[in-house]
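The chain contents come next:
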Amino acid sequence: MPIKDLADKILLKELIDNISIYGDKKDFDKQVQLFSSDAISETFMNGKSLLKLKGRIEMKAAFAEFLKDYDVVYHFNGQQKLTINQDKATATGVIYCLITLIGIENHKKIKTSIGATYQDEYVFENGQWLIAKRIGNFEWQDKIEVV
């Protein structure tokens, strides 16, 4: 594998991790800058589309709304399969993520765990990798009360 491809894979892993970190911190201004200006983000659960967004403005508002009731947001990125395309300006990836959300529901502290996979398309623009399209699949979800 060429050194350039290895360097790009490291940069793509950092991109993915930074998106999660900014989401955990609820720093949506920085998070959406890691998507291309016309990026698409769509989230599915049980085969049904929950959310389809286009562009940074829509994403910022929707991400903030989705996470507003959670005190704790924690993404743990696991396995990743990244492929740099022949043109060296685009790439694809599949990412496995365990999401933990803690908030109050019906006056109880509830931890929601979500097993998610993301199918990403990346583009290299202005000297950096960005997500051009992200399809998230919430594969499973579990809720428990915590003290």
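Within each chain, residue numbers correspond to sequence positions counted from 1 in written order. pLDDT decides what is reported in this predicted model: residues at 70 or higher carry local features, side-chain atom pairs at 80 or more are listed and counted, and totals for whole chains, interfaces and linings draw on all residues regardless. Working from all heavy atoms in the structure, the side-chain values ignore hydrogens and water.

Draft legend 1. Molecular detail of the pattern of salt bridges. Here, a salt bridge means any Lys or Arg side-chain nitrogen found within 4 Å of an Asp or Glu carboxyl oxygen. All told, the structure shown has seven salt bridges when counted by the stated rule. Linking Asp69 and Lys68 is a salt bridge whose minimum nitrogen-to-oxygen distance equals 3.3 Å. Assessed through its relative accessible area of 46%, Lys68 is described here as partly exposed. Salt bridges here are not isolated pairs; linked through shared partners, they connect Glu65, Lys68 and Asp69. Think of it in three bands: residues with accessible area under 20% of the maximum for their type are buried, residues over 50% are exposed, and the middle band is partly exposed, with areas taken using a 1.4 Å probe on protein chains only.

Draft legend 2. The sheet that holds strand S3 (residues 70-84), seen in detail. Strand order in this open sheet of six strands is S2-S1-S6-S5-S4-S3, and the pairing throughout is mixed. Among the strands making up the open sheet, the edge pair consists of strand S2 (48-54) and S3. Sheet twist, expressed as the average angle between the axes of neighbouring strands with direction ignored, equals 15 degrees. Bridging between S3 and strand S4 (residues 90-105) involves 12 bridges; their strand directions are antiparallel. Among the inter-strand pairings, Ile84 is bridged to a residue of S4, identified as Ala91. Any two residues whose heavy atoms approach within 4.5 Å at even a single point are treated as in contact. A fitted line through C-alpha atoms serves as each axis, taken over the contacting stretch for helices, and the angle formed by two N-to-C directions is quoted from 0 to 180°. For the purposes of this entry, the term helix denotes a DSSP run of H or I that reaches at least four residues, the term strand denotes a run of E that reaches at least two, and both are numbered from the N terminus. Across the sheet, helix H1 (residues 3-24) lies against strand S1 (35-45), S3, S4, strand S5 (108-125) and strand S6 (128-145), angled at about 165 degrees from S3, the strand it touches most. This element, helix H3 (residues 56-67), spans S1, S2, S3, S4 and S6 of the sheet and lies at about 40 degrees to S1. Only when DSSP finds a minimum of two bridges between them are two strands counted as paired.

Draft legend 3. Region of interest: unusual backbone geometry. The backbone of Lys26 sits at a positive phi, close to 60 degrees, despite the residue not being glycine. On the basis of relative accessibility, which here comes to 30%, the residue Lys26 falls in the partly exposed class.

Draft legend 4. Structural detail: the packing of aromatic side chains. When the centres of two rings from Phe, Tyr and Trp lie within 6.5 Å, Trp using its six-membered ring, the rings pair. Their planes under 30 degrees apart give stacked, over 60 give edge-to-face, and anything left gives tilted. For the structure on display, the rule yields three aromatic pairs. For the pair Phe35 and Phe63, a centre-to-centre distance of 6.3 Å together with 50 degrees between the ring planes defines the contact as tilted. Of the two residues, Phe35 is situated in strand S1 and Phe63 in helix H3; the sequence distance between them amounts to 28 residues. Residue classification places Phe35 among the buried positions, given a relative accessible area of 1%. Geometrically, the ring pair formed by Phe66 and Tyr70 is tilted, given 6.5 Å between the ring centres and 50 degrees between the ring planes. Given a relative accessible area of 16%, Tyr70 falls into the buried group. The lysine or arginine in question, Arg134, covers the ring of Tyr118, its NZ or CZ lying 4.1 Å from the ring centre. Cation placement over rings: the criterion is NZ of Lys or CZ of Arg within 6 Å of the ring centroid and within 35° of the ring normal.

Draft legend 5. Up close: the side chain of Thr117. Mapped onto the elements, Thr117 comes out in strand S5. Thr117 sits in the buried class, given a relative accessible area of 10%. Here a polar contact means two N or O atoms within 3.5 Å. Within protein one must be a hydrogen donor candidate and the other an acceptor candidate, and residues neighboring in sequence count only if both atoms are side-chain atoms. Within the structure, the side chain of Thr117 is placed 2.8 Å from the side chain of Glu139, a separation counted as a polar contact.

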